[in-house]
Amino acid sequence: MAKRIAVEDHLKHVQEFLRDNGYEVVPLNASTQLDTCDCCVISGVDKDVMGMQNIDTGAPVISVKGQTVEEVYRAVQERVGI
């Protein structure tokens, strides 16, 4: 079963790369059920993701800020496997 990764909507290149490499990718927005995700990928640009003060999840949160898509992929692999 593929690991489920929530990725901010505007990070299409990250979504595609993760999907092409075996992950189930879902949009990260206000309606996303974070408790069903193994990891969250955010842009790191906004202070409050989705207009929330906190992301309430036990899953790792990875910021893409300053990273290539390959580096983000490796970070996801290190934290949740495939």
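Parameters and conventions
Residues numbered from 1 in each chain as written. Predicted model: local features only at pLDDT ≥ 70, side-chain atom pairs only at ≥ 80, totals over all residues. Heavy atoms only, no water. Helix = DSSP H or I, 4+ residues; strand = E, 2+ residues; numbered from the N terminus. Buried < 20%, exposed > 50% of the residue type's maximum accessible area, 1.4 Å probe, protein only. Lys, Arg positive; Asp, Glu negative; His and termini not counted. Salt bridge = Lys/Arg side-chain N within 4 Å of Asp/Glu carboxyl O. Polar contact = N/O pair within 3.5 Å; in protein donor to acceptor, adjacent residues only side chain to side chain. Pairing = 2+ DSSP bridges. Expected span 1.5 Å × (residues − 1). Arc of directions from axis to C-beta. Contact = heavy atoms within 4.5 Å. Axes fitted to C-alpha atoms, helices over the stretch in contact; angles between N-to-C directions.

The chain carries the name YkuS family protein in an unreviewed UniProt entry, which gives Polycladomyces subterraneus as its organism.

Chemist: I tried to follow the side chain of Glu 8 on my own but got confused; where do I start?
Modeler: On the secondary structure map, Glu 8 appears in strand β1 (residues 4–8). Buried within the structure, Glu 8 lacks any salt-bridge partner; Lys 12 is the closest side chain of opposite charge, at an N-O distance of 11 Å. Among the polar contacts made by the side chain of Glu 8, one reaches the main-chain amide nitrogen of Ser 43 at a distance of 3.1 Å.

Chemist: Can you walk me through the pairing of strand β3 (residues 39–42) in this structure?
Modeler: If a strand is regular, its side chains alternate between the two faces of the sheet. Residue alternation in β3 divides its side chains into two sets, Cys 39 and Val 41 and Cys 40 and Ile 42, and both sets are buried. When β1 meets β3, the two strands line up parallel, connected through three bridges. Residue pairing in the sheet places Val 7 in a bridge with Val 41 of β3. As defined by bridge partners, β3 adjoins strand β4 (residues 61–63) across three bridges and the pair is classed as parallel. Along β4, the bridge assignment pairs Ile 42 with Ser 63.

Chemist: How should I be thinking about helix α2 (residues 69–80) in this particular structure?
Modeler: The periodicity of an α-helix, 3.6 residues per turn, causes residues three or four positions apart to be oriented the same way. Between the first and last C-alpha of α2 there are 16 Å, a value that for 12 residues agrees with the 16 Å anticipated at 1.5 Å per step. Three or more residues of α2 are buried, namely Val 69, Val 72, Tyr 73, Ala 75, Val 76 and Val 80. Down the axis of α2, the buried side of the element spans an arc of 160°, and every buried residue falls inside it. On its buried side, α2 packs onto β1, α1 (12–20), β3 and β4. Once α2 finishes, Gly 81 follows within two positions and takes phi at roughly 75°, a positive value.

Chemist: What is the right way to look at the sheet that holds β1 in this model?
Modeler: The strands that make up a sheet are held in pairs by hydrogen bonds between backbone atoms, and each pair lies either parallel or antiparallel. Spatially, β2-β1-β3-β4 is the arrangement adopted by the four strands of the open sheet, whose pairing is parallel. The two strands at the open ends of the sheet, each matched to only one other strand, are β2 (24–28) and β4. Put simply, the sheet's adjacent strands are angled 25° from each other on average, direction ignored. Along the sheet, α1 makes contact with β1, β2 and β3, crossing β1 at roughly 165°. Contacts from α2 reach β1, β3 and β4 within the one sheet, and its direction differs from that of β3 by about 160°.

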